[in-house]
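What the coordinates show
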Amino acid sequence: MNIPSALQQANSDHRTLARSLRSYSQQQHQRVLEIVDIQKAYPNKQVLEHINLDLRAGELISFLGPSGCGKTTLLRIIAGLEQPDYGKIIKKGQDITRLKPAKRQCGVVFQNYALFPNLSIAENIAFGLHPKQYSKQAKVDRIAELLDLIELPDIAARYPYQLSGGQQQRVALARALAIQPDILLLDEPLSALDAVVRVKLRQNIRLIQRQLNIATILVTHDQEEALSVSDRIAVMYAGKIEQLDTPHNIYYAPQTRFVAAFIGNMNFLAGRVTGNQQLQLIHSATEVQRTHRLEKDEWFEIGFRPENACLILDPPQQQQGLMI
Ligand SMILES: Nc1ncnc2c1ncn2[C@@H]1O[C@H](COP(=O)(O)OP(=O)(O)O)[C@@H](O)[C@H]1O
Ligand SMILES: [Mg+2]
């Protein structure tokens, strides 16, 4: 994997880090969404277990995890398209767990473009605009505004089949934003697109999200995508959030073995403590708990990134083991 440039220099480039920390602390207080102990099972299968998470004003959180880990189910529960077995969804302080999807003020974009093929682009975008709230002229203005936002000002009269996949997803984004939602929910919106379009569009989405300062959840199984565009990432595995953290911490300070192994490349070496801060490494793969204190004779694994390894030829002090 290519480490996203935003992360590459993060250890040494204080400006990058300071910038990300600054935007993070500004957003700390206002919670737009709180997910409280959500649980969900299908027959014979627990899909979500004790999910807790808060989404702050203007923040973009990615749900990142392997296929089948529960990302879409969690997003659908937030959108109201699925009911949880237990737990609450709170939006701006209001319990919306039992509220109908249309009343939740969530804009949703799915993986497959899901535009109405028989409606023009303008009609697609205006689909959710209520006639009571938008006069005919207000509707026209709003459509023009959104087409400008997605940088496709001239396509109002076209139909979905006349657009590329990337353009269709931008229209789907415009349609989701039309109602001025409190939260934008994106379920793998880029995964059906080819690689170049995907990278460009994820930057567009991030720019628009920043410009509108809209709280957003992006579901993805693409770690580079999540690391590049997110304020925080919820790494999910088998129905649980393994770690909810900044991209920097997810990459440089993984809190579980799964996160360490899932994000980027990680080498694991099993070893045993042989003395004060001294490890003897062996070639078997033994899984052990994370440990802060090294007790003599304890077995564990160390994980390190390839970019942090350096080969030293025949250092005399390392013939017996590895110093850390
Ligand atoms: N309607 C359903 N009925 C039964 N099982 C389902 C249903 N929807 C999802 N699942 C199962 O729940 C698990 C999580 O699915 P999903 O949330 O779609 O995962 P992801 O989006 O992370 O790939 C999967 O094992 C999936 O097969
Ligand atoms: Mg999914």
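Heads up: the structure comes first, above all this text.
The sections below set out a description of the structure shown in this document. (Residues numbered from 1 in each chain as written. Chains lettered and ligands numbered in written order. Predicted model: local features only at pLDDT ≥ 70, side-chain atom pairs only at ≥ 80, totals over all residues. Heavy atoms only, no water.)

**Concerning the packing of aromatic side chains**
According to the stated counting rule, one finds 4 aromatic pairs in the structure shown. Ring centres of Phe116 and Phe127 lie 4.5 Å apart, and the angle between their planes is 45°; on these two criteria the pair is classed as tilted. Here Phe116, found in the loop between strand S6 (106-109) and helix H4 (121-126), pairs with Phe127, found in the loop between H4 and helix H5 (136-149); they are 11 residues apart in sequence, far enough to count as distant. On the basis of relative accessible area, Phe127 is assigned to the exposed category, the value being 52%. Here Tyr237 and Phe258 contribute two aromatic rings whose centre-to-centre distance is 4.1 Å and whose plane-to-plane angle is 15°, an arrangement assigned as stacked. Pair noted here: Tyr237 is in strand S9 (residues 232-237) and Phe258 is in helix H10 (residues 257-262), with a separation of 21 residues, a long-range link. Note on Tyr237: relative accessible area 40%, which makes it partly exposed. (Phe/Tyr/Trp six-rings, centres within 6.5 Å; stacked < 30°, edge-to-face > 60°. Helix = DSSP H or I, 4+ residues; strand = E, 2+ residues; numbered from the N terminus. Buried < 20%, exposed > 50% of the residue type's maximum accessible area, 1.4 Å probe, protein only.)

**Brief notes about the site of ligand 1**
Neighbouring ligand 1 are Tyr42, Lys45, Val47, Pro66, Ser67, Gly68, Cys69, Gly70, Lys71, Thr72 and Thr73. Contact between ligand 1 and Cys69: an oxygen atom at 3.2 Å from a main-chain N or O atom of the residue. A distance of 2.8 Å separates an oxygen atom of ligand 1 from a polar atom in the side chain of Thr72. Isolated, ligand 1 exposes 560 Å² of accessible area, and the fraction of that covered by the protein chains is 60%. Those elements that place two or more of their residues in the shell around ligand 1 are strand S2 (45-56) and helix H3 (71-79). It is H3 that contributes the most residues to the shell around ligand 1, 3 residues altogether. Classifying every residue of the shell around ligand 1 gives 4 nonpolar, 5 polar and 2 charged. (Near = heavy atom within 4 Å. Polar contact = N/O pair within 3.5 Å; in protein donor to acceptor, adjacent residues only side chain to side chain. Areas by Shrake-Rupley, 256 points an atom, 1.4 Å probe, with all protein chains shown as cover. Nonpolar A, V, L, I, M, F, W, Y, C, P; charged D, E, K, R; others polar.)

**A short note on the environment of Gly93**
Turning to its location among the elements, Gly93 is positioned in the loop between strand S4 (86-91) and strand S5 (94-95). Gly93 sits 62 residues away from Arg31 along the chain, and the two C-alpha atoms are 8.2 Å apart.

**Things to note about the packing of helix H6 (residues 165-178) against helix H7 (residues 195-212)**
The packing of two helices is summarised by the inter-axis angle and the distance between the axes. Where H6 meets H7, the axes come as close as 11 Å, and the angle between the chain directions of the two elements is 20°. Viewed along their axes, H6 and H7 adopt a mutual orientation that is roughly parallel. With respect to the hand of their crossing, H6 and H7 are arranged in right-handed fashion. On H7, the residues touching Gly166, Gln169, Arg170, Leu173 and Leu177 of H6 are Val197, Leu201, Asn204, Ile205, Ile208 and Leu212. Residues belonging to the contact of H6 with H7 are distributed by class as follows: 7 nonpolar, 3 polar and 1 charged. (Axes fitted to C-alpha atoms, helices over the stretch in contact; angles between N-to-C directions. Parallel < 35°, antiparallel > 145°, perpendicular 65-115°, else oblique. Left-handed = near helix turned anticlockwise from the far one by under 90°. Contact = heavy atoms within 4.5 Å.)

**Looking at H3**
Among the 9 residues in H3, 7 count as buried, and that is most of the element. Listed as buried for H3 are Lys71, Thr73, Leu74, Leu75, Ile77, Ile78 and Ala79. Once H3 ends, the next one or two residues include Gly80, with phi positive near 90°.

**So, H5**
In this model H5 runs 20 Å from its N-terminal to its C-terminal C-alpha over 14 residues, within 8% of the 20 Å that 1.5 Å per residue would give. Inspection of H5 places Arg142, Ile143, Leu146, Leu147 and Leu149 among the buried residues, and these make up the whole buried set. All buried residues of H5 project into a common sector of 155° when viewed along the axis, lining one side. Among the exposed residues of H5, those oriented more than 90 degrees off its buried face are Gln137 and Asp148. Looking at the buried side of H5, the elements it contacts are H4, H6 and H7. Directly beyond the C-terminal end of H5, a positive phi value near 55° is found at Glu151. (Expected span 1.5 Å × (residues − 1). Arc of directions from axis to C-beta.)

**Comments concerning the nonpolar core**
Grouped together as the largest cluster of nonpolar side chains are 34 residues, with contacts concentrated most on Ile125, Val171, Leu173 and Leu177. Among the elements of the structure, H4, H5, H6, strand S7 (183-187) and H7 are those that each provide at least two residues to this core. In this structure, Ile35, Ile38, Phe63 and Leu75 belong to the second largest nonpolar core, which totals 28 residues. (Core = buried A, V, L, I, M, F, W, Y, C linked by side-chain atoms within 4.5 Å.)

**Some details on the sheet that holds S2**
Pairing in this open sheet of 4 strands is antiparallel, and the strands run S2-S1-S4-S5 from one edge to the other. The open sheet terminates on both sides in strands that have one partner only, identified here as S2 and S5. For S4 and S5, the ladder comprises 2 bridges, and the chain directions are antiparallel. What sits directly across from Ile90, in S5, is Asp95. (Pairing = 2+ DSSP bridges.)

**Here we look at the sheet that holds strand S3 (residues 60-64)**
Picture the strands of a sheet paired through backbone hydrogen bonds; they go either parallel or antiparallel. Taking strand neighbours across the sheet as the criterion, the 6 strands line up as S6-S7-S8-S3-S9-S10 in an open arrangement whose pairing is mixed. A strand with exactly one partner marks an edge of an open sheet, and here the two such strands are S6 and strand S10 (240-245). Neighbouring strand axes in the sheet, compared pairwise and without regard to direction, differ in orientation by 15° on average. As paired strands, S7 and strand S8 (residues 215-220) are joined by 5 bridges and run parallel to one another. In the strand pairing of S8, Ile183 is matched with Ala215. Sitting on the sheet, H3 touches S3, S6, S7, S8 and S9, and the angle it makes with S7 is about 150°.

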